[in-house]
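So you can see what is in the structure, the chains are spelled out below.
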Amino acid sequence: MTRSASETPYVLVLFYSRNGATREMAEQLAAGVESISGIAARLRTVPPVSTTCEAVDPEIPAEGAVYATLDDLRHCHGLALGSPTRFGNMASPLKYFLDTTSELWMNGVLADKPATAFTSTASLHGGQEATLLTMMVPLLHHGMVYAGVPYRETRLLTTQSGGTPYGTSHLAGAQADRPLDDDETALSRAQGERLGRLALAMRSLHEAT
Ligand SMILES: Cc1cc2nc3c(=O)[nH]c(=O)nc-3n(C[C@H](O)[C@H](O)[C@H](O)COP(=O)(O)O)c2cc1C
């Protein structure tokens, strides 16, 4: 499927979430993107992976965001990648999906598009920044232009929970029951707004190639 020129450009907000914390962040980030005139947010998730790797979930999950396709990625103007922290790294369902993107990589489809990342952890020092830095690596392989959260978002200086210059983070707590607080919500929104603005500004870079 090719994207028609008249279609509204969009930022793909691609996330995995098992207990809902990363999904909550994705929704705030998408709201930030949508606050920018002329660009939309497309929320997509990935199916869980199991030891039976050949098991295929229905294309449309019972609830929540639709599963991402390579075309969602191919035609996006920016990408926000969200994952729970798993041992200081992204969750395997998201990595599994990224490992199917070789064709896009070979053709430089994502090159010159802006990207960012966000994560949620159980504990404050449980690896938020390590996860964000490791999520950055495949995005750089794809030639994407990584955008974090600048310190003009002054909540970065005062937050007692999540929020890093590498991307927004969230402290979900040991019982995974802590909702996003005001700082985490505002920083997620600001991250989405910035990505939306960058996606529009950088549109001509990759549309020309
Ligand atoms: C296999 C596994 C590994 C995890 N590793 C970490 C970790 O390294 N640091 C941490 O703080 N939390 C860790 N957690 C907790 C999740 O990151 C945390 O509950 C997160 O908020 C879940 O996000 P979700 O609600 O979007 O699924 C881990 C959870 C699982 C299941």
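None of these values were measured; they are calculated from a predicted model. (Residues numbered from 1 in each chain as written. Predicted model: local features only at pLDDT ≥ 70, side-chain atom pairs only at ≥ 80, totals over all residues. Heavy atoms only, no water.)

S.K.: Help me understand the overall build of the protein, please; the structure alone is not making it clear to me.
M.R.: Helices and strands together make up the secondary structure of the protein, namely 8 helices and 7 strands. Relative to the 2.2 N^0.38 estimate, which gives 17 Å for 209 residues, the radius of gyration of the protein is 16 Å and therefore close to what a compact globule would have. The dimensions of the protein, computed from C-alpha atoms along their principal axes, are 45 × 45 × 30 Å. Counting all 209 residues of the protein, 48% fall into the buried class. Summarising the internal contacts of the protein: among those between residues at least 6 apart in sequence, 76% fall at separations of at least 24. When the accessible surface of the protein is summed, it comes to about 10200 Å², and 53% of that surface belongs to carbon and sulfur atoms. Of the side-chain charges in the protein, 16 are positive and 22 negative, and the distance between the mean point of each set is 4 Å. (Helix = DSSP H or I, 4+ residues; strand = E, 2+ residues; numbered from the N terminus. Rg over C-alpha atoms; globule rule 2.2 N^0.38 Å. Buried < 20%, exposed > 50% of the residue type's maximum accessible area, 1.4 Å probe, protein only. Contact = heavy atoms within 4.5 Å. Areas by Shrake-Rupley, 256 points an atom, 1.4 Å probe, with all protein chains shown as cover. Lys, Arg positive; Asp, Glu negative; His and termini not counted. Charge placed at Lys NZ, Arg CZ, Asp CG, Glu CD.)

S.K.: Just checking my understanding: could you explain the pattern of salt bridges for this structure?
M.R.: Pairs can form between side chains of opposite charge whenever their charged atoms are close. Within this structure, the stated rule accounts for 10 salt bridges. A salt bridge links E103 to R74, with the shortest nitrogen-to-oxygen separation between them at 3.3 Å. One end of the pair, E103, is in helix α4 (residues 102–106); the other, R74, is in helix α2 (residues 70–74), with 29 residues separating them in the sequence. In this structure E103 comes out as partly exposed when scored by relative accessible area, which is 35%. The network of salt bridges with shared partners includes E7, R42, R44 and D72. (Salt bridge = Lys/Arg side-chain N within 4 Å of Asp/Glu carboxyl O.)

S.K.: What's the story with the pairing of strand β2 (residues 40–45) in this structure? I'm lost.
M.R.: Two faces make up the sheet, and in a regular strand the side chains alternate between them. In terms of strand pairing, strand β1 (residues 10–15) meets β2 through 6 bridges, oriented parallel. Note that in β2 the partner of Y10 across the bridge is A40. Each parallel crossover has a hand, and the one from β1 via helix α1 (residues 21–34) to β2 is right-handed. In the sheet, β2 pairs with strand β3 (residues 66–67) via 2 bridges, with the strands oriented parallel. (Pairing = 2+ DSSP bridges. Right-handed = clockwise from strand over helix to strand, strands pointing away.)

S.K.: Can you help me understand the layout of surface pockets in this one?
M.R.: Considering only enclosed or pocket space, the second largest pocket measures out at about 300 Å³ in volume. Surrounding the second largest pocket, 15 residues form its lining, S17, R23, T45, E63 and G64 being those nearest its centre. Looking at the lining of the second largest pocket residue by residue, the classes come out as 7 nonpolar, 5 polar and 3 charged. (1 Å grid on protein atoms, 1.4 Å probe; cavity = no way out; pocket = protein on both sides within 12 Å on 5 of 7 lines; lining within 4 Å. Points joined across faces, edges and corners; volume = space filled by probe spheres on them. Nonpolar A, V, L, I, M, F, W, Y, C, P; charged D, E, K, R; others polar.)

S.K.: Is there a simple way to explain the environment of A41 in this structure?
M.R.: You can see A41 is positioned in strand β2. Placed 33 residues apart in sequence, A41 and T8 show a C-alpha to C-alpha distance of 9.8 Å. Aside from chain neighbours lying at most four places away, what touches A41 is V11, V13, A30, V33 and E34.

S.K.: I'm lost on helix α7 (residues 182–201) in this one. Help?
M.R.: Each α-helix turn comprises 3.6 residues. Residues three or four places apart therefore point the same way. Between the first and last C-alpha of α7 there are 28 Å, a value that for 20 residues agrees with the 28 Å anticipated at 1.5 Å per step. Listed in full, the buried residues belonging to α7 are D183, E184, L187, S188, A190, Q191, G192, L195, G196 and A199. Here α7 starts with a cap whose side-chain oxygen sits 3.1 Å from the backbone nitrogen of D183, and that cap is D181. (Expected span 1.5 Å × (residues − 1). Polar contact = N/O pair within 3.5 Å; in protein donor to acceptor, adjacent residues only side chain to side chain.)

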